[in-house]
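Examination of the molecular architecture
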Amino acid sequence: MVSGDYEAVKAAILAVLPQPGYDDGSAGPVLVRLAWHASGTYDKKSGTGGSNGATMRFHAEAADGANNGLDHARAFLEPIKQQFPWISYADLWTFAGVVAVEAMGGPKVAWRAGRVDDKSEEYVPPNGRLPDATQGEDHIRSIFYRMGFNDQEIVALSGAHNLGRCHGDRSGFEGPWVPMPTRFSNTYFKLLLRAEWIKKKNSTGLEQFYSDEGDLMMLPTDMSLIKDAKFRVWVEKYADDKDLFFRDFAAAFAKLLELGVIRGPQGVALREYSVRAKL
Ligand code: FMI
């Protein structure tokens, strides 16, 4: 196998997407969540965390409650890592997110190879850096601002909840946001604005919001996007204009996957280089 043949890796990722016995029949949504959680630990002040290093391979990060269920995503990709040992996990996990978004009908997202896997746990970021879905707009802002995102980017990224579902045994929340959770679109924003959302306790005891028919859901954090006036402007724009959403999502997701990646010569993200460049 030719080292650096990303088209071959892409074909292998496309081949694992159909998973008839899993969730809604696709590995795509959980792969997008893996790419996001691998990257979203970034702290722009210290330069720590982020997608470089693939630190979620280590127990300390994999065991963060926010990462529950991502073992499925890592397991879907493991045979591909075995088939193409030259690709780093850090590249494979982020690339799989990009390939999955596009394959599910979403935009093409810019992606660059070059991340390097850390050999030890030295750079595992502390647990608790990812957002908590039971909280509101202040929390979401503080977490995403720490990564370097603004309000518009926060709303665009949240549009990924067009995909997939919540699992009671992972996050404690239950159900999908949209009727077709393996098709990328702006339906999530339309539903947020149009449906009536009713707060109820779910079967695990957490409060979430249900549509009048009761088959779709929203998280407390999703609801904060329509409660907060500055977020709501963007929800309305993205509900109205799918192309704008696709463009803005592609830009914000590409930026997310580059967090913590400081590239040296030839675009290779050496861990030592990233850390020293910040000192
Ligand atoms: Fe979301 N998510 N997400 N999400 N996410 C999921 C599933 C899920 C939160 C909470 C949350 C982003 C941001 C945020 C994405 C993509 C993205 C779940 C259910 C919860 C509770 C997990 C489960 O399996 O039970 C927030 C509110 C707090 C962490 C939040 O800020 C972002 C930025 C993205 C990518 C751009 C996807 C695709 C899923 C579906 C996963 C699946 O397994 O179906």
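As a starting point, this report considers the structure included with it.

The rules we used
- Residues numbered from 1 in each chain as written.
- Predicted model: local features only at pLDDT ≥ 70, side-chain atom pairs only at ≥ 80, totals over all residues.
- Heavy atoms only, no water.
- Helix = DSSP H or I, 4+ residues; strand = E, 2+ residues; numbered from the N terminus.
- Buried < 20%, exposed > 50% of the residue type's maximum accessible area, 1.4 Å probe, protein only.
- Lys, Arg positive; Asp, Glu negative; His and termini not counted.
- Salt bridge = Lys/Arg side-chain N within 4 Å of Asp/Glu carboxyl O.
- Contact = heavy atoms within 4.5 Å.
- Pairing = 2+ DSSP bridges.
- Phe/Tyr/Trp six-rings, centres within 6.5 Å; stacked < 30°, edge-to-face > 60°.
- Donors = N, O, S within 2.8 Å, 3.2 Å for Na, K, Ca; no water.
- Core = buried A, V, L, I, M, F, W, Y, C linked by side-chain atoms within 4.5 Å.

1. Some details on the side chain of aspartate 248
Within the element layout of this structure, aspartate 248 appears in helix H11 (residues 242-257). Of the side chains with opposite charge, arginine 247 lies nearest to the buried aspartate 248, which makes no salt bridge, at 5.3 Å. Aspartate 248 has contacts with Gln152, Ala156, Trp234 and Tyr238, leaving out every residue within four places of it along the chain.

2. Observations regarding the environment of tyrosine 6
Summarising the element assignment, tyrosine 6 is placed in helix H1 (residues 6-16). On the basis of relative accessible area, tyrosine 6 is assigned to the partly exposed category, the value being 26%. Taking C-alpha positions, tyrosine 6 is 8.9 Å from alanine 113, a pair spaced 107 residues apart along the chain. Contacts of tyrosine 6, omitting those with residues within four sequence positions, involve Trp86, Ile87, Asp91, Phe95, Trp111 and Ala113.

3. Concerning helix H6 (residues 137-147)
Burial within H6 is extensive, with eight of its 11 residues counted as buried. Every buried residue of H6 is listed here: Glu137, His139, Ile140, Arg141, Ile143, Phe144, Arg146 and Met147. Those residues of H6 that are buried lie in contact with helix H2 (28-39), helix H7 (151-158), helix H9 (220-227), helix H10 (229-240) and H11. Downstream of H6 by a residue or two, glycine 148 has a phi angle that is positive, lying close to 105°.

4. Regarding the sheet that holds strand E3 (residues 198-201)
Spatial strand order, E3-E4-E5: three strands in an open sheet with antiparallel pairing. Whereas interior strands pair on both sides, the edge strands pair on one side only; in this sheet they are E3 and strand E5 (217-218).

5. Brief notes about the packing of aromatic side chains
Under the definition given, this model contains 20 aromatic pairs. Ring centres 6.1 Å apart and planes at 85° place the aromatic pair tyrosine 6 and phenylalanine 95 in the edge-to-face group. Of the two residues, tyrosine 6 sits in helix H1 while phenylalanine 95 sits in helix H5 (residues 89-103), which places them 89 residues apart along the sequence. Relative accessible area serves as the criterion here: at 9%, phenylalanine 95 is assigned to the buried category. Members of the aromatic cluster, connected to one another through ring pairs, are Phe184, Tyr188, Phe189, Trp234, Tyr238, Phe245, Phe246, Phe249 and Phe253.

6. Comments concerning the coordination of the iron atom of the ligand
Coordination of the iron atom of the ligand by the protein comes from a single atom, His161 (NE2), at 2.1 Å. Considering the arrangement of structural elements, one finds histidine 161 in the loop between H7 and strand E1 (165-166).

7. Notes on the nonpolar core
Leu31, Ile80, Met218 and Phe253 are the most contacted members of the largest nonpolar core, which has 83 residues in total. Beyond its immediate chain neighbours, meaning those up to four positions away, methionine 218 contacts Trp177, Tyr188, Leu191, Leu192, Trp197, Gln208, Phe209 and Met223.

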